[in-house]
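Structural description and commentary
Each chain, letter by letter, is given below.
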Amino acid sequence: MKKIVDKILNGQFEYDRGTLAFSAERIELTIKPGEDAEGSFTVQGPKNRPVEGQISSTELRMEVLTPDLAGSIDDISYRFHSEGLSGGDVLQGNFRIISNQGEYLLPFVVTVETQHIESSLGDIRNLFHFANLAKTNWDEAVRLFYSPEFIRIFTGNERQHESLYRGLSAEKNSEQNVEEFLLAVNKKQKIEYIPDQTEIHVDNSVGVTEHTITITRNGWGYSALSVETDGDFLNTEKNVLTEADFDGNTCYFHFSLDSDRLHDGNNFGSILFHNAYSSFRIPVYATMNCDYWNDMPMYKEKKRLVTEMMKQYISFRSKKINSRVWLSETGKIIARMNALDGADLEFRLYQAQYLITAARVNEGEWILQQIRPQIEDCHEGGDTLYCYYLYLTSLCSREESYINEVSSKIEDIFHSNPDNWRIAWLLQYLSESYAGSVSHRWIMLEGQYAAQCRSPILYLDALHMLAQNVTLLTHLGEFELAVLEFSARRKLLTAPMMEQIVYLSAREKRYNRHLYHILVSCYAIRAQDDTLEAICSQLIKNEQTDAEAFTWYAKGVDRQLRITRLYEYYMMSISTDEEGRLPCEISRMVLMYFSYQSSLDYRQNAILYRYMYENRDTYPELFETYRPQIENFLLNQVTKGHTSRELGFLYQNMLSRQMVDAQNASMVLSVLYTSQICVDSDDMTDVVVVYDKCQNEMRYPIIARTAFVPLYGSEYTVLLADRENHRFAVTVPFHTIKLMIPGHLSQLAIPY
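Let me begin by describing the structure that accompanies this report.

Analysis parameters
Residues numbered from 1 in each chain as written. Predicted model: local features only at pLDDT ≥ 70, side-chain atom pairs only at ≥ 80, totals over all residues. Heavy atoms only, no water. Helix = DSSP H or I, 4+ residues; strand = E, 2+ residues; numbered from the N terminus. Buried < 20%, exposed > 50% of the residue type's maximum accessible area, 1.4 Å probe, protein only. Contact = heavy atoms within 4.5 Å. Areas by Shrake-Rupley, 256 points an atom, 1.4 Å probe, with all protein chains shown as cover. Lys, Arg positive; Asp, Glu negative; His and termini not counted. Charge placed at Lys NZ, Arg CZ, Asp CG, Glu CD. Pairing = 2+ DSSP bridges. Patch = residues over 30% accessible without salt bridge, like charges linked within 9 Å, V, L, I, M, F, W, Y side chains within 5 Å. Salt bridge = Lys/Arg side-chain N within 4 Å of Asp/Glu carboxyl O. Phe/Tyr/Trp six-rings, centres within 6.5 Å; stacked < 30°, edge-to-face > 60°. Lys NZ or Arg CZ within 6 Å of the ring centre and 35° of its normal. Expected span 1.5 Å × (residues − 1). Arc of directions from axis to C-beta.

In terms of regular secondary structure, the chain is built from 28 helices and 27 strands. In terms of its C-alpha atoms, the chain occupies a principal-axis envelope of roughly 155 × 80 × 35 Å. Out of the 752 residues belonging to the chain, those deemed buried represent 47%. Long-range pairs, those at least 24 residues apart, make up 63% of the contacts in the chain between residues at least 6 apart in sequence. A total accessible area of about 40000 Å² is found for the chain, and carbon and sulfur atoms account for 47% of it. Averaging the locations of the 72 positively and 101 negatively charged side chains of the chain gives two centres separated by 6 Å.

Structure representation (structure tokens):
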């Protein structure tokens, strides 16, 4: 070829040229995916004239092995490389011949064979055929799905699902992933499971009884239902139902009920059936000794009337109603009690006390005389009813000697029943040792609380004692907090009590939920700074940073309270909505506090710095103080690969060319293309990204239902994975939030 060029340069031209002939007008090759093919063709020139030239290909895959043409007849060898091509691909090109006999193009066409996959139904040529196989023979379809040959099915329009297949087939022999694939490519619907019972009722069973639930399956595909029971009286034969448990589309699920584990009355349990796509729960109600519980309506009505009477008493003692209203309403309740069961001794005693209180002592005394033999002989009410009877007789007598006698009897009974709060309550009104000493009464009430008494009557007595002498409140123990919380819910706290609560709260070393609610109630009654300080201190001790805590921290900041780490917890609890908006403006005091140094988490710092940038015109001098701090922060976050909605905003607006170098360029690109993926399930642990043109998949952890994932271009598939590496493409909802548009920022990293 060099000789031809030299002749032309020297002005030696050949005007009488021949022509070249080729052994074929077009080279046609048919190859299998992944294999290379070699061949040759012959070039023939005019006789008695040397032919010189060079041969090349317009396609890189077509390699010319003998590129130099010499002599009147020459064989040209070539090799075609098919790596990366799939079945059904067709590649066209030309051999380019430049010679002393002119320029020629010899076309070639390479066709990659479509190799069909064999099955019991015949060749599987596309996903429609595969879906038919799965419907007919699920086990064979699963084996085929995980075979090396299955990748060949992705030709033509099916090629769009190849990365989806690669991601779902990574975990071998997972039938659930095959199910997910067919659902994702819209070749089947989810299986529906329909039980024949929505709830199960069992009455008075004896021993171990067997029961059956018939489950009908609507659809085809992967059938696996996990079974869980709630209730120790329920037992199941199997924990998982599989295809083998279905006869056609029907499964007869057997479970047993053990009556030895049932208590009298109603027992509640349930059986839960669930998998990744379906879940249903069947409640089980088991009743024992139904005849006994037939009396329940009267029993419940009696309890309701007693409760209603106690509510009226509490309202009276709390000064929410006067004595006239209280006596009137209580009289109506007593009348309903007598109408319900006139022989009930407890009801008769209530009636007697009502009459005595209403100044109808003779009538009350007459009732007491009538029921005296029954009270003395009755064992149902035990010592409590007897003590109650004695107490009421003392109200009628009013003779000191008799009262002392009654007090002595009740005190003897109390020594045998020290945890009976009703007897203790009666004794405090009769015994001189309690009536004359407030501290003794307080200790007695505290002892009853320790004995598990939670009666509002006890709380009321303690409250009235505190109202008269707040110095009884010396510490905030369990009893004191219970009394105060009861009082706070009913808005019965007095000003001295609230002052004492706030004072004592400052001595508490740890957070106490009950104390917090009491302080909140105090603040609702009177909004004092010392109470607000106590509330904020409690929340800080609990390291609480939710929306409720932010409301209190914000109040504390507005009131300029001096509390250690108040500003830190204010920023730690602040949050933004989906658009990145704050619930309020950040206080100038907070901005000044963090203007030189911040030890906040990077997410909260990003919120602070974004707010500062957005309000740079409002605080121009303060922003200039913040600028170097923000720039150093951004460099640090880029290096760590951190991103968020607020960081994305800062990157987009404050990342400059001077901040990007060879060391952090790759991380800059990563954060610029990072998206936030939000998952609607706590069972998912990872996000898996499969790129069409990358062999290896990428995996990113999900934390608190959120993952930050770099997504480049548009040719990729996003999957979710659980702890068992079951993967989900469409059946577990998630959405992707693009944190920023890289735009010109990506150009900053390209030189590196």
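Another aspect to go through is the sheet that holds strand β7 (residues 73–80). Taken in spatial order, the four strands of this open sheet run β1-β3-β7-β5, and their pairing is antiparallel. Bordering the open sheet on either side are β1 (21–22) and β5 (62–64), each of which pairs with just one other strand. Bridging between β1 and strand β3 (residues 37–44) involves two bridges; their strand directions are antiparallel. Across the sheet, F22 pairs through a bridge with V43, a residue of β3.

Now for a negative patch on the surface. Where like charges cluster on the molecular surface, the negative patch consists of E35, D36, E83 and E113. Position of D36 among the secondary structure elements: in the loop between β2 (27–31) and β3.

Our focus in this paragraph is the packing of aromatic side chains. All chains considered together, the criterion is met by 40 aromatic pairs. Here F41 and F95 contribute two aromatic rings whose centre-to-centre distance is 5.1 Å and whose plane-to-plane angle is 50°, an arrangement assigned as tilted. Of this pair, F41 sits in strand β3 while F95 sits in strand β8 (residues 90–99); the two residues are 54 residues apart in sequence, bridging distant segments of the chain. The class for F41 is buried, based on a relative accessible area of 2%. What makes F95 buried here is its relative accessible area of 0%. Considering the side-chain rings of F150 and Y165, the 5.0 Å spacing of their centres and the 40° angle between planes classify their relative orientation as tilted. Residue F150 is found in the loop between α3 (138–145) and α4 (162–168), and its partner Y165 is found in helix α4; the two are separated by 15 residues along the sequence. You can call Y165 buried: its relative accessible area is 6%. An aromatic cluster of at least three residues, connected via ring pairs, comprises F130, F145, Y146, F150, F154, Y165 and F181. The residue whose ring lies beneath R217 is F246, and the NZ or CZ to ring-centre distance is 4.6 Å. Over the face of the ring belonging to W552 we find K555, whose NZ or CZ atom lies 5.8 Å from the ring centre.

Counted at 1.5 Å a residue, the expected span for helix α15 (residues 438–450) with its 13 residues is 18 Å, and the 18 Å between its end C-alpha atoms agrees. Residues R441, W442, M444, L445, Q448 and Y449 constitute the buried set of α15. Projected onto a plane normal to the axis of α15, the buried residues spread over an arc of 160° and lie on a single side. Along α15, the residues that are exposed and aim more than 90 degrees away from the buried face are I443 and A450. For α15, the secondary structure elements touched by its buried residues are α12 (400–416), α13 (421–427), α14 (432–435), α16 (456–468) and α17 (478–489). Phi turns positive, to about 75°, at Q452, one or two residues after α15.

A few words now on the environment of Q351. Relative to the helices and strands, Q351 resides in helix α9 (residues 345–357). Considered as a pair, Q351 and F145 are 206 residues apart in the sequence and their alpha carbons are 82 Å apart. Leave out the neighbours within four places in its chain, and Q351 touches I334, N338 and I367.

Here the focus is unusual backbone geometry. The backbone of N186 sits at a positive phi, close to 60°, despite the residue not being glycine. With a relative accessible area of 67%, N186 lands in the exposed category. Positive phi is not limited to glycine here, since Q452 has a value of about 75°. Secondary-structure assignment places Q452 in the loop between α15 and α16. Q452 sits in the exposed class, given a relative accessible area of 58%.

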